[in-house]
Amino acid sequence: MTPGLYLTHKPVGATSFATVRAFQEEAQATRPGRRTALVHGGTLDPFAEGLLLMLVGPATHLFEHLHAAPKVYVARVEWGTEMDTGDLHGRPVHQGGASALTPASLDEALRPFLGWTEQVPPATSAKKLGGEPAYRKAHRGEAVDLPPSRVYLHAARWLSHDLPRASVLELTCRGGYYVRALARDLGRALGCGAHLSALKRTAIGPWKDPGPGHRIELHGRDLLPWTSSRVLTDQDVGALRQDQSIPLSPLQPPDWRLPPGYPEPAGPVRGFHQGKLTFLLTPRDGALWPETELRGGV
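None of the values given here were measured: they were computed from a predicted structure.

(A) Spotlight on the UniProt feature "active site" (unreviewed entry) in the chain. As recorded in UniProt, the sites labelled "active site" (unreviewed entry) are Asp45. Position of Asp45 among the secondary structure elements: in the loop between strand S2 (38-40) and strand S3 (49-56). Here Asp45 falls in the partly exposed class, since its relative accessible area comes to 22%. The residues touching Asp45, leaving out its near neighbours within four places in the chain, are Lys10, Ala14 and Arg180.

(B) Seen up close, unusual backbone geometry. Residue Pro164 follows Leu163 across a cis peptide bond; omega there is 5°. With respect to the helices and strands, Pro164 occurs in the loop between strand S10 (149-162) and strand S11 (166-173). Residues other than glycine seldom take positive phi values, yet Asp243 does so here, at roughly 65°. Summarising the element assignment, Asp243 is placed in the loop between helix H5 (234-241) and strand S16 (246-247). We note that Asp285 has phi near 55°; this positive angle belongs to a residue other than glycine.

(C) The packing of aromatic side chains, seen in detail. One pass over the structure, following the stated rule, counts six aromatic pairs. Ring centres 6.5 Å apart and planes at 75° place the aromatic pair Trp226 and Trp256 in the edge-to-face group. Within this pair, whereas Trp226 is found in the loop between strand S14 (215-218) and strand S15 (229-231), its partner Trp256 is found in the loop between S16 and strand S17 (269-273), the two being separated by 30 residues in sequence. By relative accessible area, which is 5% here, Trp226 ends up buried. Residue classification places Trp256 among the partly exposed residues on the basis of a relative accessible area of 23%. Taken together, the aromatic side chains of Trp116, Tyr152 and Tyr262 make up a single cluster linked through ring pairs.

Procedures and definitions
Residues numbered from 1 in each chain as written. Predicted model: local features only at pLDDT ≥ 70, side-chain atom pairs only at ≥ 80, totals over all residues. Heavy atoms only, no water. UniProt positions renumbered as here; feature names shortened; annotations may be inferred. Helix = DSSP H or I, 4+ residues; strand = E, 2+ residues; numbered from the N terminus. Buried < 20%, exposed > 50% of the residue type's maximum accessible area, 1.4 Å probe, protein only. Contact = heavy atoms within 4.5 Å. Phe/Tyr/Trp six-rings, centres within 6.5 Å; stacked < 30°, edge-to-face > 60°.

In structure tokens, the structure reads:
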């Protein structure tokens, strides 16, 4: 297993960590006795499916820079019942009539949630509370009171309706957004209650879900393509390893453009040496400074 970013499909029912464990087993089989750094690029709940990113080797340093990339989901929203978990596996905490819902009223209900808003994460989220994931406290029956988080919803549209039972929603958001919380809040705004019965992550940035049984390996310029880049000479690499700056130019534009109007992430500049991503660089005072070296390149 070579260092890089892998696009994988997580099926319904599996945990995100199960995918990490499968990669660990494969890495141990291909490199016995050697430890390979592995991390997934953003959790999917067990009831959800779709694109899961796996970062292997030096590519694990890219993890924190994936948060700002646009993520696309398709969700099935069930009307009439709010669940304590926000999904179909929870306990009902509120039920209401959904007979008055119309496509027009649902379009109107979506509008206040667009852009930057404050969102309270679900009690069964992985958000830390007192140093422990909230879902562990919730599963023990303890009270969970999470503070709101600043989140961003770029776009949302209804794909279909089966009213008053359910509707299918497609949305594009920034990392840290809880689609379960959106369903909960839509149900509260409409007075009928709502939860998710299905969720699929179809894309992260330019990367699409490869589908069940498939995976795609990415390296070089396919990594963090929404950020600028700079080709590094041997002299540049030597200076950066000495914690020295290098000239800002010639800076190259991103290889992939964010959706129009999407907030520009304050990401690093990618430094490429001999075709591999070898440095994450920080622009400062008209120069580029070393942030992280990806030893061996990716």
